[in-house]
Each structure stands twice: as C-alpha cells, then as structure tokens.
Amino acid sequence: MTRKLTRRRVLAGSTTALMASGMASGFVTAAKAAPPAESITPQLIEAAKKEGKVTWYSSVDLALAEKVAKGFEARYPGIACKVERSGAERNFQRIGQEYASKIYNCDVVNSSDAAHFIIWKRQSMLAAYVPEDVARDYPEAHKDPDGMFASWRITLSPIAYNTKLVKAEEAPKSFADLLDPKWSGKMVKAHPGYSGVVMTSTQQLSRDLGWSWFEKLSKQKIMQVQSATEPPKKMLAGERAIMVDGGEYLLILMKEKNDPIEIVYPTEGTPLISGPSGIMANAPNPNAARLFQAWSFTAEAQQLNIDVAGLRSAHPKTRDHAGARKFSDIKVLREEPAVVADKADEIKAQYTKYFKV
Amino acid sequence: MAVADAKIPRSARDDRRRLIDLSGPALAAVVALLAVMIVLPMGWLVVYAFATKDGQATLGNFVTLFTDPSFVDPLLATLLLSVSVSGLCCLVAAPMGWLAARTDMPLARTVRTLVMASLVTPPFVGAVAWEMLAAPNSGLLNQLWRLVTGAPSDEALFDIYTMQGLIFAIACYTFPYVFILVANALDRMPGELEDASSMLGAGTWATARRITIPLALPTLLAGALVAFLQALNQFGSPAILAIPAGFHTLTTKIWSLFQFPPKPELAAATSLPLLLLTVALLRSQAAILGRRGYAVLGGKYGAPRPIRLGAWRWAAAAFALLVLAMPLFLPYAALINTAFSRISSQLLGPETFTLHNVVFTFWQLSSTLPALQNTFLLATATATLGGVLALLIAYIVARQAVVGHRILGFLATSPLAIPGIVLGVGLFLAYTRPPLTLYGTLWILLIAFITVELPQAYQQLGSAFHSVHPELEEASRMLGATRLRALKDITAPLLRSAAIATWCFIFVGVIRELSAAVILFTSETKVLSVLIFDLKESGDVGAIAVLSLTMVILTTVVIVIANRIGGAYEARVPTRVGA
C-alpha cells in the first residue's frame, strides 16, 4: 500500500496534494481531482526512449492491436510496444492476479469493459494522467473526472449475417427476430465471462429486453465462443450464418474488403461499448506509458483506429470510417459501467444458468 | 532439482572411493524435492477445498459439488469422455501396436515414426485442426461431403462440436501413448516363448492368444489407464470443442472458476474426487500387475520373429495409415490449408493463396519470438532435469532400494490425478508467497512442467526397469559394485533407449502443455501453447496454423537430433549384454 502511494505521488508530480490524498486514502479510495493536462514534450519522449519499451494490455482484436503498436513504434522509433492481447475479462483477472503477487508488467491497459476501470480506480491501481487531447477535446462522458482514464475506443455490438447463407429480405432486423425457430443452430455468440464487449452488452440487453430473452435465445442451439472478435470470423467462414454479438469494427473491415457479410443494427438499439484506457499505478515504464497514452488519444492516432481498425472514436476531430454507417444515425443502448462493476458476477451466473457454459 | 542433480554424480564418485552406498540420502533428497513440488501445492489445494472464502473450515464446497447440476453435469461428462477415450484408444492402438511390432506388415517402421510424429502435435492444435475439418458448416470434410452428395447446405456428415466429436479429437492424440506402450512391450517380449509355443504345435493365432496377448495385457491396461487419465486432465480440447457445444468438462469448469472473481476453494474441491478416483485406478492396476512376474527379459533373449500376414499384409498397412490420417494427415492438411489461405474454410488455390499469416505471425505479432524462446528453454530444461529425476525414482521403486520406496512411486504418479490447471493453481497458491516467490518467473513453469511430466516419465522408465531383470545388477553388486555403480554400468546402458525416449516424451509434453501454463504465465513468461490458446479465443486461426506448423517442425528437428545422439552412443555399446 505504501509503495503504491509513493509511486502515485511520484507520478502525480505534486507531493503536497498526494500527501493529503495519501492520508485520506485510509477512508476513501478515489483521488480528488484530475491533474493538469500534459502535452507530449521532448523531455517526455527522451525519458520514454530511455525506458525503451511499453507493455500494452488490450482486448482489441490482435491484428489491430499490433497495427496500433507498429504505428506507435513508427512515430517514436526506439520504443518497442509489446502487445498483450486477451479478452477483457481475462486481462482483468490476470492483472488482478499479477498485482496481488506484486508483479507489475502492465504499463497501459485498454479494456472493452468500462466497469474494470471503476474497480481498478477503487483499488488505487491506476495512475492519474490527462493527455492534452483528452482535456481539450473529449466530451465529459468519455473521461474520468479524476483523470485516471478516458475512452480510447468506442465500438458497437450489432447483429450480422453471412450474405451467402441468408438472403437480405429474410435477415433478422431485431434481437427479437433471433428467437425465430428458423435460426436454431445457425447462430454464434461470444461469452460475457471472457469478452468485455459481451459483458457490457449482456448488461444492456438484460436490462432492456429482460433475461427471458436470453433464456429463449439459449434454446436456439447457439454456438458459444469466447472473444467478441471471434463471432465475426466464424460467421465469415460460414460456420454459422448469423452472429448475435461481436465487435462492429471487424465487420466494418470485412465489408471494406467486400467479404460476404452484412451488419444489422437492431431496431431495439445496438449495445454501445466504450473501451477506456489508463496507465497502471505501478507501470514499470511510466514515461513510455504516458507517451503511449498521450499519443493514442491524439486525433492522428484516433483516426488511425478508425481507418485501419474500423473503430469509433470519442475525439470530435475525427471522421467516421468511410464504409461505416454514421455514428449519429445509429440508435444505441445506454451504457451503465457502474452497474456492470457491481453486478458482473451476477450477470455471469445468470448467463451460465441459461447457456450452461 | 538442483539438489538432486548435484547429488548423483557426487555420490557416484564417492562410491567408487569409499564403497559406501549413498542411496539413503539420495532417497531423502528426492522425497524432499517431491514434497516441494507436489505435496506443498496439493496441501494448499486441500486447505482450500475445505475452507470458505474467509478461511473457515467447511464441507460446503463438496455439497455444492455433488448437488449443483452445474458441477454434476461436467463430472458425468468427464467420466463418459475418459472411459470412451480409453476404450477407443485401446481398440485402435492394441491391434496397431501388434501389427507394427510382431508382424511383417509393410511400412511398419514408417508407421511407428508417424505415430511418434502424431504425438508431437499438441492435442489442442489437433482440436483446432479438426474444427477446420469437421465443423458442421465450414468444415472442409463436410463441404466435400455436400459437394459429392449434393446434400443441402445445413446438413453435415460430422459435427465436431459434440461429445462424440470431442471423444474422437482427444482419442486422436491419446492413442499414440497406448500404441507406443504396447509396441515397446511387444518388442521386448522374448521370441523364445512364442517359438516354444509354435514348436509345441500352436498356430499363429493360438500363440498370439496364449502367449503374446497375456504378456502384453499389463501394458495394455497401463495404456488404458494413461489414456483415461489423459482424457481426464485434458483442458485445451474441451475448451475448444465442448464450450461451443454448450457443455463443460471438469477441467473447463475448473478453469471457468478461476475467471473473475476466482473461486479457488470450489476448484480445489472439484479436483479432490479426481485425485481419489485416480488413486483407486492406480491401486487396481498395481493389484493386477503385482501378482504376476513379468520380468521376462533376462541377460539373453531371442529377437521375436515376425508373424506372416500373407495376403493381409497390405490391408494391415492400409488400416494403420487410415488410423494415422486422423491425428496426422488430415489435420496437417487442414493446418497447411489455413496457414496459406485467406479464409480457412476455403481450399487453397492460386487465387486464395496468401503469405499474410506468415508475415503477421513472425513480423507483426510481438509475442511470437519471446514465446518460442521461453518454450524451447523450458522444454529442454524440463526434459533433462525431469528425466534424471524420473530415472532415479523409477530405479529406487523398481529395485525396492530403500524402505519407503512406495511413497516415492505414489508421489511420482500422483500428479496424474491432478488436472494441470489445478496443479497450476496449487503452485500459484504455494509460490506467490515467501519464502519462494516464484510466480512471474520461468522457475514456476519449470516446476509445473516437471511435475506434470513426471508421472509419465516415471511410468515409462519404471516399466523399462521392470523388464530388465535385477539378476544383472545383483551380479554386479556381488562383484563389489555399489548400487549406484551397478546402476551406471549395468542398468543405464540397458535403459538407454528408454531414457532417450523419455527425454523426447517430456520435451514434447512440455511443448504440448497448456493447462498449468494457462494459470501460471505472465506476459513476460508466455509460452507457445498459451499464445496459441489466446489466438484461438480470438479466432485467429491463420496465425495458429503458422505457429503450430513452426512448432512441429522445430520439435521434430530436436527429436531427430536427440535420437541421432542416442544412436551414436548405442553403437559404442554391445546391444546384447549377455552375448
């Protein structure tokens, strides 16, 4: 505990402020307010280069994560970016496991389950750091008031189908349509115990459609996979005709390549998933972590996310992907990370009750 | 291990000088080592199994285990799976082993080599490959079947996402163990007994029935047990095939209990019945084997004579090759197809060919090279240190060298009963606290891998010791050699090929190991199997195919080199000791 606070004190750069918060932390865990925004200075770049590497835990699709890493390495030569890609829920479990054993491998973490940041913040596992772009451009809804994290990416979890297997006129238009017996045995779906996207969407759908929808869906002989990055791939391969959930960004990229798939934004609304990023309190490479965090929130890097990864961005100075439906034209479901943070275990248990795995 | 390692040569030297038998201290050292490796983590598991989250003593975990359907179903599924795999393996491996070892079947050597090669394939890679082949819709075999028969697009010949599919996929990579055990036992069987039988007028089949089969039966039972336990402890294949099918086995259930928020106490409770079941099985095996004398290999023996199959020769070879298509030809064809094809469900052709997966795996995926390094370092270290340890234990137990040798045998086989994933957690609990904080280092993986591989290494070497008659050692000791000297000069040369085989077994085993590693790795200590598993969960089959092929090629090279070294050594020592 003492060590974490010491480190945070160093990172925050303000001894007095943190002495106070350190003394207060016995009673409340949240820090008091966001530190001032910081730009990318030559000193930061120099310090980051001295560290020479940054380890980034993310749940974004691996190929895209590696592209982001290569983009960073190209922008700041001499700093290697190591990607640790796994499902958000597994990364969450692993970081917890590593921190409990005082193993600090992770510099920057990105999760598709915003609830994780609420929990990490409660446990003082994050370092406050506000990149200039976040302070200046990001809407309030997409940044933590205490400066611990901000939405690095936004994606949706729509329905999609393989156009070789499903005709457009027969395709489902809503989540309710998926309960039609004609889709029995033809759907693939990811798991909330693994995927942050699906954990988030399960909370939204169980709230808006009720658990009874999941109960009925579970009787449709669903093919259950783990990561939200897998249903799009299984559907494209033709293993199942329809995906119930999964990352929209992969679908956008597939459409761009003229793969035989079509996206359905369900009439009930499409689950919205914001994926925040933050720096770990005990980051082994704190300067490289800040540089990576600062860079990854710039309009330039966010546009890269959009263009090469099909992601959405909270940065107002970015344009939607050319091949994607405009974000403002899509009806999305409301996110409630605080509810997920408190009810994740319940949600998983309920899910397992219906889907058996 | 360092302790045991240093001990052997030093004591051997001392022996020659002082002629004092140091097997007592050696035993103590080995017991201490096993205690650290096995008893400590298992102790923590037992503590957890009988404790609530807050550390109060309770039986509640077991009540949950035997009443909650979400635990009872996986338990039943696992039993069905293990029994079926074991039966299927024996059914296929026993006749095949006999054909390869005792008949004039053509290509017998090739068949043996190919069986070894199929063992190199990690089962979870095989499961992924079988997904590519037999997924009901996108599977290549199903597509072919629809193409040939004109069946509608939603009909499938095979569905790998079923219990039958899982049994099949696991059996594909388990039957080699049974085959090798059976074939090796048949190799060692003296030809004289069979000759005597035929001289006394028995026909080929009568001899097989009355001599060969009874002599091979203990090995077959051992093989059935190995297959059963392999299926029981298998994690990767069920994770890949059972979860999409909507059911859990015990291992995947346990794994799911370690997802957040972790419930190690339930996982520990879940593993204890497995431990008891395995102990019971091991005891019954000992009871079956214990009553008969199977030391058939003395100083002299005749090479067995192959049985003539006549017109059936080629049918036999075709059978063997057909069986090998399941773990080998078909999956590798699918992997190669996926590695170089843009979409894995499409057949490779000029227009679908791509090098993208290769480029991605080696030039863009930042985890590839560290994972390769970690894996080969760990595999070499585990095979060497674990092999020495297993040899020592097998010797002490087989020769009943010291009082308490039974405990050693029990300890060395007990990890079989522990699903790798549970062992992983036990080690995790034991080594995330002082004095030995090993989590986050390669050491904890080394301990895990040695522990996981020890039972098989020990059993293999143990059964080799069983077939070397103690009379040779006894003669040596009567002539004044100490026990360790006799071991070195008499037994070691006789066991050379078994020892090399064991080294290769462990090496391959480490590369295949996933379930303990999946708990114990950190981003700095990631191994290939974990990397592949991660890739599987996100559906990156192209990179999996490239990594799997790379891994198999590298492993094969290592094994070939190991066998060359072994072969050269063999040439210097007379093969017939008594002659």
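Residues numbered from 1 in each chain as written. Chains lettered and ligands numbered in written order. Predicted model: local features only at pLDDT ≥ 70, side-chain atom pairs only at ≥ 80, totals over all residues.

Would you explain the overall build of chain A in this entry?
Of the regular secondary structure elements, chain A holds 14 helices and 11 strands. The C-alpha radius of gyration of chain A comes to 20 Å, within 12% of the 21 Å expected for a compact globule of 357 residues. Buried residues in chain A amount to 55% of all 357 residues. Of the contacts made within chain A by residues no fewer than 6 positions apart, 80% connect residues no fewer than 24 positions apart. (Helix = DSSP H or I, 4+ residues; strand = E, 2+ residues; numbered from the N terminus. Rg over C-alpha atoms; globule rule 2.2 N^0.38 Å. Buried ≥ 20, exposed ≤ 12 C-beta atoms within 10 Å, placed from the backbone. Contact = placed C-beta atoms within 7 Å.)

Sorry if this is basic, but what is going on with the domain arrangement of chain A here?
Residue and element names in this part refer to chain A. Once the domains are mapped, chain A shows domain 1 (35-154 + 274-320) and domain 2 (156-272 + 330-355). Contact with domain 1, which involves 17 residues of that partner, is made by 22 residues of domain 2. For the side of domain 1 that touches domain 2, the per-class residue count stands at 7 nonpolar, 6 polar and 4 charged. (Domains from an automatic or database assignment. Nonpolar A, V, L, I, M, F, W, Y, C, P; charged D, E, K, R; others polar.)

Just to check I follow, could you spell out the packing of helix H17 (residues 368-398) of chain B against helix H18 (residues 405-413) of chain B for this structure?
The axes of two packed helices give the description: the angle between them and the distance between them. All names here are of chain B. Where H17 contacts H18, the two axes come as close as 8 Å, and the packing angle between them is 140°. Here H18 runs oblique to H17, going by the angle between their axes. Handedness of the H17/H18 crossing: left-handed. On H18, the residues touching Ile393, Ile396 and Val397 of H17 are His405, Leu408, Gly409 and Ala412. (Axes fitted to C-alpha atoms, helices over the stretch in contact; angles between N-to-C directions. Parallel < 35°, antiparallel > 145°, perpendicular 65-115°, else oblique. Left-handed = near helix turned anticlockwise from the far one by under 90°.)

Just to check I follow, could you spell out the sheet that holds strand S9 (residues 242-243) of chain A for this structure?
In any sheet, the strands associate via hydrogen bonds between backbone groups, in a parallel or an antiparallel arrangement. Residues and elements named next belong to chain A. Reading across the sheet, the 5 strands line up as S8-S7-S9-S6-S10 and stay open at both edges, with mixed pairing between neighbours. Pairing within the sheet leaves two strands with one partner each, and these edge strands are strand S8 (223-224) and strand S10 (261-264). Looking at chain direction, strand S7 (residues 187-189) and S8 are connected through 2 bridges and run parallel. Of the residues in S8, the one forming a bridge with Val188 is Met223. (Pairing = 2+ DSSP bridges.)

Explanation requested: the interface of chain B and chain A in the structure shown.
Size of an interface, as often reported, equals the accessible area lost when the parts are brought together. Between chain B and chain A, the contact holds 32 residues from the first and 42 residues from the second. Residue assignment for the side of chain B that touches chain A shows that the elements contributing at least two residues are helix H12 (236-245), helix H16 (356-364) and helix H24 (528-537) of chain B. Classifying every residue of the side of chain B that touches chain A by side-chain character gives 11 nonpolar, 17 polar and 4 charged.

Quick question: what am I supposed to make of the packing of H12(B) against helix H13 (residues 250-257) of chain B here?
All names here are of chain B. At a minimum axis distance of 9 Å, the contact between H12 and H13 shows a crossing angle of 90°. Overall, the two elements H12 and H13 adopt an arrangement that is roughly perpendicular. Mapping the contact onto sequence places Pro238, Ala239, Ala242 and Ile243 in H12 and Thr251, Thr252 and Trp255 in H13.

Is there a simple way to explain the nonpolar core in this structure?
As a rule of thumb, soluble globular proteins bury nonpolar side chains together. Counting residues in hydrophobic clusters, the biggest one holds 287 residues, and the most contacted among them are B:Val178, B:Ile393 and B:Leu461. Other than its neighbours up to four places away in sequence, B:Val178 contacts B:Cys89, B:Cys90, B:Ala93, B:Gly223, B:Val226 and B:Ala227. (Core = buried A, V, L, I, M, F, W, Y, C linked by C-beta atoms within 7 Å.)

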